[in-house]
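# Coordinate inspection notes
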Amino acid sequence: MTKVNIISESCKGVESCGICIYVCPKGLFGPSSDMNSFGYIPPKIQNIDECTGCQNCMIYCPDFAIVVQGRYREEETAEEDEYE
Ligand code: SF4
Ligand code: SF4
């Protein structure tokens, strides 16, 4: 099971950044309903069960605000690629 930890206090906000929203191939990120202590709105995961563990969000976040734990579910991505 993949785990995606969002370190809200390190995020500069989905409105001014939002890179995680664009790089997630599953479109799992949306804005949180809560601000962090700096007044920025961090992302939240909408459906963790669909996360493939690709780590795009962790790799591309410029503020190291996302940590992905767990294995990459390569077989699922390979199956989806057949239909593209
Ligand atoms: S690990 Fe990949 S699929 Fe999971 S939330 Fe991050 S970008 Fe999306
Ligand atoms: S990429 Fe990182 S800094 Fe940018 S909105 Fe997402 S969590 Fe915040």
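Residues numbered from 1 in each chain as written. Chains lettered and ligands numbered in written order. Predicted model: local features only at pLDDT ≥ 70, side-chain atom pairs only at ≥ 80, totals over all residues.

## Focus on the overall build of the protein chain
Along its length, the protein chain carries three helices and four strands. Starting at the N terminus and ending at the C terminus, the protein chain contains elements arranged as β-α-β-β-α-β-α. Within the protein chain, the fraction of its 84 residues that count as buried is 18%. Across the protein chain, the fraction of contacts at a sequence separation of at least 24, relative to all contacts at a separation of at least 6, is 61%. (Helix = DSSP H or I, 4+ residues; strand = E, 2+ residues; numbered from the N terminus. Buried ≥ 20, exposed ≤ 12 C-beta atoms within 10 Å, placed from the backbone. Contact = placed C-beta atoms within 7 Å.)

## A closer look at the site of ligand 1
Looking at ligand 1, there are 14 residues lining it, with C24, C51, C54, N56 and C57 nearest. Considered class by class, the residues forming the shell around ligand 1 number nine nonpolar, four polar and one charged. (Near = placed C-beta within 6 Å. Nonpolar A, V, L, I, M, F, W, Y, C, P; charged D, E, K, R; others polar.)

## Quick word on unusual backbone geometry
What is expected of a backbone is that most residues other than glycine have negative phi and most peptide bonds are trans. With a phi close to 75°, Q55 is a non-glycine residue in the positive phi region. By the element assignment, Q55 lies in the loop between β3 (43-45) and α2 (56-60). Phi at F64 takes a positive value of approximately 55°, unusual for a residue other than glycine. Residue position: F64 is located in the loop between α2 and β4 (66-69).

## What about the nonpolar core?
Listed in full, the twelve residues of the largest apolar core are V4, C11, C20, C24, L28, F29, I45, C51, C57, C61, A65 and I66. When near neighbours in sequence (up to four residues on either side) are disregarded, I66 contacts V4, I6, C20, C57, M58 and C61. (Core = buried A, V, L, I, M, F, W, Y, C linked by C-beta atoms within 7 Å.)

## A short note on the environment of V68
Tracing the sequence through the fold places V68 in strand β4. The class for V68 is partly exposed, based on 18 C-beta atoms found within 10 Å. C-alpha of V68 to C-alpha of I6: the two residues are 62 residues apart in sequence and 8.8 Å apart in space. Setting aside anything within four residues of it in sequence, one finds V68 in contact with T2, V4, G53, Q55, C57 and M58.

## Concerning the environment of C57
Assignment of secondary structure puts C57 in helix α2. Among the residues examined, C57 registers 25 C-beta atoms within 10 Å and is labelled buried. Sequence-wise, C57 and V68 are eleven residues apart; in three dimensions their C-alpha atoms are separated by 8.1 Å. In contact with C57, other than residues within four places in its own chain, are V4, C20, V23, C24, I66 and V68.

Nothing here speaks to function; it is all geometry.
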